[in-house]
Amino acid sequence: QVQLVESGGGLVQAGGSLRLSCAASGRAFSSYAMAWFRQAPGQEREFVAAINRSGSVTYYPHSVRGRFTISRDNAKNTVYLQMNSLKPEDTAVYYCAADDSMRVLSTTPTQIDYWGQGTQVTVSS
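Calculation rules
Residues numbered from 1 in each chain as written. Predicted model: local features only at pLDDT ≥ 70, side-chain atom pairs only at ≥ 80, totals over all residues. Heavy atoms only, no water. Helix = DSSP H or I, 4+ residues; strand = E, 2+ residues; numbered from the N terminus. Contact = heavy atoms within 4.5 Å. Pairing = 2+ DSSP bridges. Axes fitted to C-alpha atoms, helices over the stretch in contact; angles between N-to-C directions. Buried < 20%, exposed > 50% of the residue type's maximum accessible area, 1.4 Å probe, protein only. Disulfide = S-S within 2.5 Å.

A. Structural detail: the environment of threonine 69. Tracing the sequence through the fold places threonine 69 in strand E7 (residues 68–73). Placed 62 residues apart in sequence, threonine 69 and serine 7 show a C-alpha to C-alpha distance of 16 Å. Apart from residues no more than four positions distant in its own chain, threonine 69 is found in contact with Tyr60, Tyr80, Leu81 and Gln82.

Rendered as structure tokens:
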């Protein structure tokens, strides 16, 4: 089992940047594929970024590709989400997620075994 704690959310103006961090504790962090999701009020949870166990493979949906970067430091048990050129439509609660299966990448909520508590990101226009 793994516990996930996000940090780094906040209020930023459109065009600005934020870096989210997710600290993991518990079982070996490097055994999990990791991902970030987000959820705006009244909307379904949406995939944002995924990274494989070694950090060599990443994947993004079209909505954030070229603006967001996921990375991980297995020595620090931490996964990051660098968000640049933020837009008001990026406003949501952002969740860190871990997949305990043998999948290389996890891109849907049903593939996730563990969730963090979420951190609010608000982008003002």
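B. Summary view of the sheet that holds strand E3 (residues 18–26). Pairing in this open sheet of four strands is antiparallel, and the strands run E1-E3-E8-E7 from one edge to the other. With partners counted over all chains shown, the strands left at the sheet margins are strand E1 (2–7) and E7, one partner each. Sheet twist, expressed as the average angle between the axes of neighbouring strands with direction ignored, equals 15 degrees.

C. Inspection of the pairing of strand E9 (residues 92–99) at higher detail. Burial analysis of E9 places seven of its eight residues in the buried class, which makes it a mostly covered element. Of the strand pairs in this sheet, strand E4 (residues 33–39) and E9 are connected by seven bridges, and their pairing is antiparallel. Across the sheet, alanine 35 pairs through a bridge with alanine 97, a residue of E9. With three bridges connecting them, E9 and strand E11 (residues 119–124) associate as antiparallel partners. Note that in E11 the partner of tyrosine 94 across the bridge is threonine 119. Relative to strand E10 (residues 114–115), E9 is paired through two bridges, and the arrangement is antiparallel. Bridge pairing links alanine 97 to tryptophan 115 in E10.

D. Layout of the pairing of strand E5 (residues 46–51). Within E5, five of the six residues are buried, leaving the element largely enclosed by the surrounding structure. Direction of pairing for E4 relative to E5: antiparallel, over a ladder of five bridges. If you follow alanine 35 over to E5, its bridge partner there is alanine 50. Between E4 and E5, which pair antiparallel one after the other, the connecting turn spans six residues, and glycine 42 there sits at a positive phi close to 75 degrees. Where E5 lies against strand E6 (residues 58–59), two bridges are found, and the strand directions are antiparallel. Bridge pairing in E6 places isoleucine 51 opposite threonine 58.

E. Quick peek at the state of the cysteines. A complete count under the given rule lists one disulfide for this structure. Shown here is the disulfide that connects cysteine 22 with cysteine 96, its sulfur atoms set 2.1 Å apart. Because the torsion about its S-S bond is -80 degrees, the bridge between cysteine 22 and cysteine 96 counts as left-handed. Note that cysteine 22 is positioned in strand E3 and cysteine 96 in strand E9, a separation of 74 residues in sequence. Accessibility assignment for this pair places cysteine 22 and cysteine 96 in one class, buried.

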